[in-house]
Structure formats: C-alpha cells, structure tokens
Amino acid sequence: MSFDLIVRDGLWFDGTGTTPTVANLGIRDGRVATVSAEPLDETGCPEVIDAAGKWVLPGFVDIHTHYDAEVLLNPGLDESVRHGVTTVVLGCCSMSTVYAQPQDAADLFSRVEAVPRKHVIAALEDFQDWTDPEGYIKRLDSLPLGPNVASFLGHSDLRTAVMGLGRSTDTWTFPSRAELGRMAEMLDRALDAGMLGMSGMDAPIDKLDGDRYRSRALPSTYAWWHERWQLINVLRKRGRILQSAPNINNPLTVVMFFLASSGRLLGRRGTVPVSLLVAADSKSARGAHRVFSAAAALGNRIFGSKVAFQHLPLPFTLYSDGIDLPVFEEFGAGTAALHIRDQLQRNELMADIEYRRRFRREFALKKHKPGLWHKDFHDAVIVECPDGTLVGKSFGEIADERNVAPLDAFLDVLVDNGEKNVRWTTTVGNDRPAVLDEMAADPNLHLGFSDAGAHLRNMAFYNFPLRFLKRMRDADEAGRTVLPLGRAVHRLTGELGTWFGLDAGYLRTGDRADFVIVDPERLDDTVDAYNEAEAPFFDGLSRMVNRNDATVVATAVGGRVVFRLGEFVAGYGRDQQTGHYLRAGVA
C-alpha cells in the first residue's frame, strides 16, 4: 500500500528515550504506518520529505499554557506550532472557561495573564455556546485547531459558577454543603467528558480584573482544605490530575499536596497525580530547587504520593512596560498601583510621598523573603525610554548617580517618562547553566511551564523545547553530556504524554503522526533572540514571540504537514482542522 507521506533518512527519535537511529517513516491515515531502516516504496506517495542530516522528533508537549481565550480567536495557535509543539494543555492555575460566564471568566483571566480583557470577553461572547464540559469540548473540537488540545477544569472557574464571583472571593464566606456537592458533581461531569483533572491555585499573588471585585485574589485561594479534599476525592476515583501552586509563604501547604496525592494514608485507595508550580533556580531563594526536588523524592516515598514540579529549563527572563508585571502583586503597594487603570492617576499615585513611604516599607519587608522576583533594581535594565540617556542602564545605576534609593529611582523614572513608556528587563532565575543542567536530569521535575498565550508583553518561551535541545546538543558536543539526546527528547515528549495520560509524545509504529523535523545545524543563537510580532486577533497588539523559523524544517499534526520552511500551509487555522481535543485516558 502507498503512503500519504514519507519522511526519508532522518535521525529518528521515538520519544521513549532510546538512542536515535536513521530511519524512514511511512505515514498513512494520520498514523505512523511503518518505521524502516530500508528505503520505502515512494510510488504514489504525494509528499516525500528528505530529512537527511535532520532530526525527526515526536511533536513537543506543552503542559502549561493559557491559550484559553486565544484558542477561540486563533485556533491555529501558530506561535507554538511553528516551533514544533503539537499538543498543548489549557485550563491551568485554576482558570478555565468551562462554566463561568464571559464577564466572570474575563475577570478571572485577563489581569492574571496580562491578556487584553476586551478580547477575552469578545471571544467568549462570540463563541461561548456551551453550558457544560461536553459542550465546551465539542466547541473546541469544532474549531480549525492547529495542534491537539487537552485541558483542566479550573477550580476558580468552578467556584465562581457555583458561588458567584463575589461570594467566592470573600474571605469569610464558605460554600454550603449543597454547593460543595454541586462542585463535586460538576467536576465529575468534566472528568466524564474527558478533561485531565482540576487545576487550582493556593498562592494569592494573582488578582482579579474588572470593576466589581478588582484586585481580590483568585477564588481558588479562598478555598479551605475541606473543600479541596472533597474535590480531590473526585479526582482520586478516576486517577485524574491535580495541578496547582502552593503558597510559598506557608510551607505547610506543600505537605498538604503530598497528603492529597497519597494513596496510602487514611485508608484511601488511588493516587492523585499532582503537578505543582514551580521549581526554579530563583535569584531570591538560591537552593530552593533542591528543596523542592528533595521534598518530591522524599514525600513521594513516604506518603506513596505522585507529585512532580514543573520547571522552565531556560533563563527566566521577564520584560515589563512600567509597573505592569505580576511580580508587583507581591506588594500591597504594587497591587494598589495596578488596581488603577488610568495612567495619569497611576502616575499621580506613584509620585505621592505617602504612597512611596508605604512602598518602601513593604519592599524592605519583602526584599529578603522568597518570591518570584529578586527585588534587586541593580539587576533591572531599561531597554526603551523617552529619555534615551537612560537606555542600557539599570535602575540601581540611576539611583547611584542620583544618590537616591533604588525604589525611588525606579518610580521617578516611570513618573518622569510616563509609566507605560519605560520598558525594562530582568532575569529572575534559572541563570546558572550548571544548575540548569542539574535540573534537566532531575526525575522529580517536568520540563514545561511555558505560559504560552499569556503575559504577552512580559515573556516568550514558545520555543523552550528547541532552546533546551540546543543546550543539550552543545553540552554533548563539548564532551560534557548532561543528557543523551534521546533522553532529552523523551523529557519533552513521551515522558509528559505518559505522566499526563495523553495520547501524545511518541513516534512509533501505530502512533499518531505528530512530529517535528529539526535542522540541528540551525540550533543556533537565533533560538535565544528577542522578537516581537503583531497579534491580529488582539487588535494588532505587539507581543513578544520567538522567531527562529529556519530551525524547524517542518511540523506535522495528525500526519499533515502544517508548517514548512517558515510558512504555514494555506488555510491553516482558518478552514482546516489538524488537531483535536485529546480526552484523558483515551489512547
């Protein structure tokens, strides 16, 4: 029988971690029909890709995205696919769009993930014709999806739908027994429909948008553990996943997640896999990654748990326009500034003497406590500013020149130049290559956490798998192998597909033909370059992206090549569907 597509003479990685070999792949009906060391009969085959000298890999799996709104407006999700990602997970960090109404979902989502609120509302109002998880999945599967999609049900989404956004973000309001029962039933229905599990949030840094309850924390953070236990028990019956983030200000919460996962304690049957945010070599807490890793190894052994931490295997570099960065939500004063949307009013606040005194007090108290941000203004460099003499300088340098405190120099520069007109950057962690190498091989960490589709002006990690593979390849060629390349690919593909229960991450005979062909000679410095591009579905907003298109020779989803030599096929993301919703537990 003839093939629909042949990939010829590439170095083939099957996603299992084994050593790659040169092989020929025959694709038929969207699946890998054969893998052969011998040439395949090309008679009647409409497309043959010569992959000699190239790597043929399973499509990458991105376990942490916030594409929930964008997928409705831009179902091709091209920024990920152009870099070889063929499966993405939505509904992370307690936020999904399954049950909540458009206004509520926008309040949950837009400020936390720095996505324009009006577009979140517009997307949901235009497309939200579902009232339940089955309808949600049916709607996603009706879109001209580019990659495959899987999703969690967000706890904040669930809580809001049952209690209302106001009650669900009131510290002293608790769900009634009937409301708890209804949440459990709604979660069970989502699992029936094929959702991966539930995502939560325990860290109160993320804040609501909108006018009604602006600057309150996400509803999930208000839930007491008796509520979580009831929902986790629903997950336990199915062996489904809990994704969440512990409150770093209360280390006990980490222990609670191990107890929640455990299949041994208190007569429980069944283990709940738990995927936690986030393990990083943070500048504010050097060595914390080792604590997380040791906790996972020890806790899993003692409690019989199945807990892993998500890890971005790259330098964690952030950009900000003024104070518009989530790390400022760590301070009450920062939240107060972000609470104000009008730029003139925000500038007035930042110039106010009493406000600055408050900010200095809070900053001093938080400076030496763990957090995402290192809070060092000497490590925060201006890249754009109306006053060109400041470009290239850190706020700390400016403070030294002016003989003022670094925080005052920061606020002065924003006020003097217009807060939104000052763009600056800092790396908050993962800056030490030796430590990144150590974490790359850590079995207690999952390589993910791209946050794709969120923080559009703050960061871009869409191509993190390529950047990781470049680092592994470079180390190998330098004679200091961190991971064999087969194992490195497995960590980005099959390992994640298996752990999350997805039909993804492998490229063997019988597997769905999701793959990426990479030119290893073009795994060069372009993978680390800063780029911006307009997002037409967000009114042309210029967002941070990645653009190293020469590295990816081709990306295929379901046996169809959708991206090749820097171009998407005609109609991609508009009038053809290559990806599908991947239901949990369905091979």
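Above: the structure in question.
The notes below deal with the structure included here. Remember, it's a predicted structure, so these values are computed and weren't measured experimentally. As a convention, each chain's residues are numbered from 1 in the sequence order in which they are written. With pLDDT at 70 or above as the cut-off, local features in this predicted model cover only qualifying residues; side-chain atom pairs require 80 or more to be listed or tallied, and sums for whole chains, interfaces and linings still use all residues. Just so you know, side-chain values use all the structure's heavy atoms and leave hydrogens and water out.

### Remarks on the side chain of Ser 262
Right, so step 1: Its location among the elements puts Ser 262 in the loop between α10 (252-261) and β12 (274-276).
Right, so step 2: At 2.4 Å, the side chain of Ser 262 forms a polar contact with the backbone oxygen of Phe 303. Helix and strand labels come from DSSP, where a helix needs a run of H or I of at least four residues and a strand needs a run of E of at least two; each type is numbered from the N terminus. Between N or O atoms, a polar contact is any pair within 3.5 Å; within protein, one atom must be a potential hydrogen donor and the other a potential acceptor, and residues adjacent in sequence are included only when both atoms are from side chains.

### Comments concerning the state of the cysteines
Right, so step 1: Defined by distance alone, a disulfide is two cysteine sulfur atoms within 2.5 Å. Counted under the stated rule, the structure contains zero disulfides.
Right, so step 2: Of all cysteine sulfurs in the structure, the one in Cys 93 sits closest to Cys 92, which takes part in no disulfide; the separation is 5.9 Å.

### Regarding the layout of surface pockets
Right, so step 1: Grid points spaced at 1 Å and placed over the protein atoms alone form the basis of the search, with a cavity being a set where a 1.4 Å probe fits but cannot get out and a pocket an open set showing protein on both sides within 12 Å along at least five of seven lines. Lining residues have an atom within 4 Å of a point. Grid points are joined across faces, edges and corners, and a volume is the space filled by probe spheres set on the points. Of the voids in this model, the second largest pocket is the one considered here, and its volume is about 620 Å³.
Right, so step 2: For the second largest pocket, the lining is made up of 26 residues, of which Ser 110, Ala 114, Val 115, Asp 324 and Lys 420 are closest to its centre.
Right, so step 3: Elements with a minimum of two residues in the lining of the second largest pocket: α3 (102-113) and α13 (343-351).
Right, so step 4: If you tally residues by element for the lining of the second largest pocket, the top one is α3, at three residues.
Right, so step 5: Lys, Arg, Asp and Glu make up the charged group, whereas Ala, Val, Leu, Ile, Met, Phe, Trp, Tyr, Cys and Pro make up the nonpolar group; the residues left over, Gly among them, are polar. In terms of residue class, the lining of the second largest pocket is made up of ten nonpolar, three polar and 13 charged.

### Re the packing of helix α17 (residues 433-440) against helix α18 (residues 464-477)
Right, so step 1: Where helices are involved, their axes are fitted lines through C-alpha atoms of the stretch in contact, as for all axes, and angles between N-to-C directions lie from 0 to 180°. For the pair α17 and α18, the least separation of the axes is 12 Å and the interaxial angle reads 100°. With respect to their mutual orientation, α17 and α18 come out roughly perpendicular. Each of Pro 433, Leu 436, Asp 437 and Ala 440 in α17 lies in contact with α18, whose residues at this interface are Phe 468, Arg 471 and Met 472.
Right, so step 2: Residues of the contact of α17 with α18, tallied by class, amount to five nonpolar, no polar and two charged. Working rule for angles: under 35 degrees goes down as roughly parallel, over 145 as roughly antiparallel, 65 to 115 as roughly perpendicular, anything else as oblique. Throughout, a contact is declared for two residues whenever any of their heavy atoms are within 4.5 Å.

### Details of the packing of aromatic side chains
Right, so step 1: A pair of aromatic rings is counted whenever rings of Phe, Tyr or Trp (Trp by its six-membered ring) have centres within 6.5 Å, and the orientation is called stacked for planes under 30 degrees apart, edge-to-face for over 60 and tilted otherwise. Counted by the stated rule, this structure contains 30 aromatic pairs.
Right, so step 2: Their ring planes at 55° and their centres at 5.6 Å tell us that Trp 225 and Trp 229 sit as a pair that is tilted. Linking Trp 225 with Trp 229, this pair stays in helix α9 (residues 225-238), spanning four residues, or about one helical turn.
Right, so step 3: Judged by relative accessible area, Trp 225 falls into the buried class, the value being 15%.
Right, so step 4: An aromatic cluster is built from Phe 328, Phe 331, Tyr 355, Phe 359, Phe 363, Trp 373, Phe 377, Phe 395, Phe 410 and Trp 424, whose rings are joined through pairwise contacts.
Right, so step 5: Distance and angle both matter: a charge sits over a ring if NZ of Lys or CZ of Arg is within 6 Å of the ring centre and within 35 degrees of the ring normal. One cation-aromatic arrangement involves Arg 228 over Trp 225; the distance from NZ or CZ to the ring centre is 5.0 Å.
Right, so step 6: Above the face of the Tyr 506 ring, Arg 508 is positioned so that its terminal group lies 4.2 Å from the ring centre. Classification of residues uses two cut-offs on accessible area relative to the type maximum, computed with a 1.4 Å probe and protein chains only: under 20% is buried, over 50% is exposed, and between them is partly exposed.

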